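# Observations on chain architecture
One letter stands for each residue in the lines below.
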Amino acid sequence: MTTPNRALIVIDAQQEYFDGLLPIQYPARDQSITNIQTAINAAEQAGTPVVLVQHELPAEAPVFGSGSATWQNHPEVAAREDAATMRISKQFSSVFAGTDLQAWLREQGIDTITLVGYMTNNCVIASAAAAEPLGFSVEVLSDATGAIDLTNDAGTAPARQVHETLMALLHSNWAAVTDTATWATALRTGAPLTKSDLITSAAQGRSTR
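Now for a quick tour of the structure. Note that residues are indexed from 1 along each chain, following the sequence as it is written. Given that this is a predicted model, residues contribute local features only at a pLDDT of at least 70 and side-chain atom pairs are listed and counted only at 80 or more, while totals for whole chains, interfaces and linings are drawn from all residues. Water and hydrogen atoms were dropped before computing side-chain values, which therefore reflect all heavy atoms in the structure.

Turning to the nonpolar core, a few remarks are in order. We call a set of buried Ala, Val, Leu, Ile, Met, Phe, Trp, Tyr and Cys residues a nonpolar core when their side-chain atoms join them within 4.5 Å. Whether a residue is buried, partly exposed or exposed follows from its accessible area with a 1.4 Å probe, protein chains only, as a fraction of its type maximum: under 20%, in between, or over 50%, in that order. If you look at the biggest cluster of nonpolar residues, it comprises 31 residues, and the most contacted ones within it are Ile9, Leu101, Leu105, Ile113, Leu115, Val140 and Leu170. Listing elements by their share of this core, those giving two or more residues are β1 (6-11), β2 (50-55), β3 (86-90), α4 (101-108), β4 (112-118), α5 (120-134), β5 (137-146) and α6 (159-171). Top contributing element to this core by residue count: α5, with 5 residues. Should any heavy atoms of two residues lie within 4.5 Å, those residues are counted as being in contact. Discounting chain neighbours no more than four positions away, the residues touching Leu170 are Val124, Ile125, Ala128, Val140, Ala175 and Val177. Counting 27 residues, the second largest nonpolar core, distinct from the first, contains Ile24, Ile36, Leu52 and Leu141. Helix numbering and strand numbering both begin at the N terminus, where a helix is a DSSP run of H or I of at least 4 residues and a strand a DSSP run of E of at least 2.

What follows is the structure, given as structure tokens:
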């Protein structure tokens, strides 16, 4: 297998998920932000590009209002803004929608994107799915992402169930899912990470019944 040419994409590590209306519930947000820092450190040490993405809506919006306190990156990530390889503002769930990220990745010869940040149940899964038809390989760090509790007319799902279900779903088709420590080792050695596939995941799922 060829050595992946990676870029670390830090999605929306913003105060909205800590002090705003969308607090991350699982994994613990203090734990996940620490792992995001670790991933950024590993990328910088390896000379891997780091792209910081911020969701930005009109200033009057209830969440991610441009210039608001909760629109700001978490302080631990904000401290890395000047050193970031690229910064992106987005208005949709996918990091590719309405941005120039795809073109930039092509220019840099990037073939693999590593996703960290928030939320598992929105921007992470949307970005991973959007990468498939574009031909990018995707990695997702399960302990450097996070989900929220959900309740609506269709039902209720606690954050842990949401996160763990989506990690299994991602690994079955769209992304190689791993933890930050394993990814950092792969980054240092240049090793690719493998994902499962839908047929294998389905067969293994049946065997556990």
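Don't stop here, the text continues.
A few words on the pairing of β4. Along β4, 7 of the 7 residues are buried, which leaves the element largely enclosed by surrounding structure. Residues Thr112, Thr114, Val116 and Tyr118 line one face of β4 and the alternating positions Ile113, Leu115 and Gly117 line the opposite face, and both faces are buried. Note on the crossover from β4 through α5 to β5: the handedness is right-handed. The path from the first strand over the helix to the second decides the hand: if it runs clockwise while the strands point away from the viewer, the crossover is right-handed.

Now for the sheet that holds β2. What the 6 strands build is an open sheet, ordered β3-β2-β1-β4-β5-β8; its pairing is parallel. Two strands close off the open sheet at either side, each with one partner strand: β3 and β8 (176-178). Strand after strand, the sheet turns through a mean of 25° between neighbouring axes, direction not considered. Paired strands, in this sense, are two strands between which DSSP finds at least two bridges. The pairing of β4 with β5 spans 6 bridges and is parallel. Opposite Tyr118, over in β5, you have Gly146 as the bridge partner. Lines fitted to C-alpha atoms define the axes here, with helix axes fitted over just the stretch in contact, and angles between the N-to-C directions of these axes take values from 0 to 180 degrees.

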